[in-house]
Amino acid sequence: MSFYFITPPGSESELIAEISTWVPELHWLPRKERGGVAVELPLELGLSLNKALKIPTRILLRLADFKARDFPKFFKSFSKLPWGQLLYDGPIDVHV
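In this text the structure is predicted, and so the values were computed from the model without any measurement.

1. Re the overall build of the protein
Turning to step 1, where the next piece is worked out: Counting its secondary structure elements, the protein contains four helices and four strands.
Turning to step 2, where the next piece is worked out: Going residue by residue from the N terminus, the α and β elements of the protein occur as β-α-β-β-α-β-α-α.
Turning to step 3, where the next piece is worked out: Counting only C-alpha atoms and orienting by the principal axes, one finds that the protein spans roughly 40 × 30 × 20 Å.
Turning to step 4, where the next piece is worked out: In the protein, which comprises 96 residues, the proportion classed as buried is 27%.
Turning to step 5, where the next piece is worked out: If you take every contact in the protein between residues at least 6 apart in sequence, the share linking residues at least 24 apart comes to 64%.

2. Focus: the sheet that holds strand β3 (residues 36–40)
Turning to step 1, where the next piece is worked out: With antiparallel pairing, four strands are arranged side by side in an open sheet as β2-β3-β1-β4. The strands lining the two open edges of the sheet, one partner per strand, are β2 (31–33) and β4 (58–62). If you compare each strand with its neighbour and ignore which way they point, the axes differ by 25 degrees on average.
Turning to step 2, where the next piece is worked out: Pairing analysis gives five bridges linking strand β1 (residues 2–6) to β4, with the strands arranged antiparallel. Bridge assignment links I6 to a residue of β4, and that residue is R58.

3. Section: the pattern of salt bridges
Turning to step 1, where the next piece is worked out: Counted under the stated rule, the structure contains two salt bridges.
Turning to step 2, where the next piece is worked out: For the salt bridge of E33 with R31, the shortest nitrogen-to-oxygen distance reads 3.4 Å.
Turning to step 3, where the next piece is worked out: The class for E33 is partly exposed, based on a relative accessible area of 26%.

4. Describing the packing of aromatic side chains
Turning to step 1, where the next piece is worked out: One pass over the full model with this rule turns up five aromatic pairs.
Turning to step 2, where the next piece is worked out: Clustering of aromatic rings is evident, with ring pairs tying together F66, F71, F74, F75 and F78.

5. Examining the pairing of β1
Turning to step 1, where the next piece is worked out: The buried count for β1 comes to four of five residues, which makes it a mostly enclosed element.
Turning to step 2, where the next piece is worked out: Pairing geometry for β1 and β3, over five bridges, is antiparallel. Looking across to β3, one finds that Y4 is bridged to A38.

6. Let's talk about the confidence of the model for the protein
Turning to step 1, where the next piece is worked out: Summing up the model confidence of the protein, the mean pLDDT is 87 and the portion of residues at 70 or higher is 97%.
Turning to step 2, where the next piece is worked out: No element of the protein has a lower mean pLDDT than helix α4 (residues 83–86), at 76, and none a higher one than β1, at 93.

7. Regarding a nonpolar patch on the surface
Turning to step 1, where the next piece is worked out: On the surface, a nonpolar cluster with roughly 440 Å² of combined accessible area is contributed by F71, F75, V94 and V96.
Turning to step 2, where the next piece is worked out: With respect to the helices, strands and loops of the structure, V96 is situated in the segment after α4.

8. So, the nonpolar core
Turning to step 1, where the next piece is worked out: Counting 14 residues, the largest nonpolar core has F5, I19, L41, L49 and L53 as its most contacted members.
Turning to step 2, where the next piece is worked out: Elements with a minimum of two residues in this core: β1, α1 (12–22), β3 and α2 (43–52).
Turning to step 3, where the next piece is worked out: Ranked by the residues each element gives to this core, the list is headed by α1, at three residues.
Turning to step 4, where the next piece is worked out: Discounting residues that sit within four places of it in the chain, L53 has contacts with F5, L15, E18, I19, W22 and I59.

Here is what the cut-offs are and how they apply
- Residues numbered from 1 in each chain as written.
- Predicted model: local features only at pLDDT ≥ 70, side-chain atom pairs only at ≥ 80, totals over all residues.
- Heavy atoms only, no water.
- Helix = DSSP H or I, 4+ residues; strand = E, 2+ residues; numbered from the N terminus.
- Buried < 20%, exposed > 50% of the residue type's maximum accessible area, 1.4 Å probe, protein only.
- Contact = heavy atoms within 4.5 Å.
- Pairing = 2+ DSSP bridges.
- Axes fitted to C-alpha atoms, helices over the stretch in contact; angles between N-to-C directions.
- Salt bridge = Lys/Arg side-chain N within 4 Å of Asp/Glu carboxyl O.
- Phe/Tyr/Trp six-rings, centres within 6.5 Å; stacked < 30°, edge-to-face > 60°.
- pLDDT = per-residue confidence, 0-100.
- Patch = residues over 30% accessible without salt bridge, like charges linked within 9 Å, V, L, I, M, F, W, Y side chains within 5 Å.
- Areas by Shrake-Rupley, 256 points an atom, 1.4 Å probe, with all protein chains shown as cover.
- Core = buried A, V, L, I, M, F, W, Y, C linked by side-chain atoms within 4.5 Å.

In structure tokens:
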């Protein structure tokens with residue numbers, strides 16, 4: 001899964017070092033991006049880092065990357081996401 005760790009400006013290198021401390025067997029190198037660090041991790045590990053890391057201000061799970069310039073395109077792309085794999089079984093009612 002793709003995670004994005006938001007960090008204060010200028011502390012991306014320190015965040016990469018902190019991630020490497022918690023996950024020394026990391027097979028995918030973290031990538032510095034504007035305003036944070038992106039890394040590919042198993043879902044359980046990425047979620048557990050949410051409580052372990054001190055530097056990031058927020059940790060986001062990236063489900064998809066798409067461009068949508070209007071609501072119908074957004075809704076179509078949003079609807080195609082694998083919600084059944086990420087949420088509990090049962091009906092899901094989303095209002096935007």
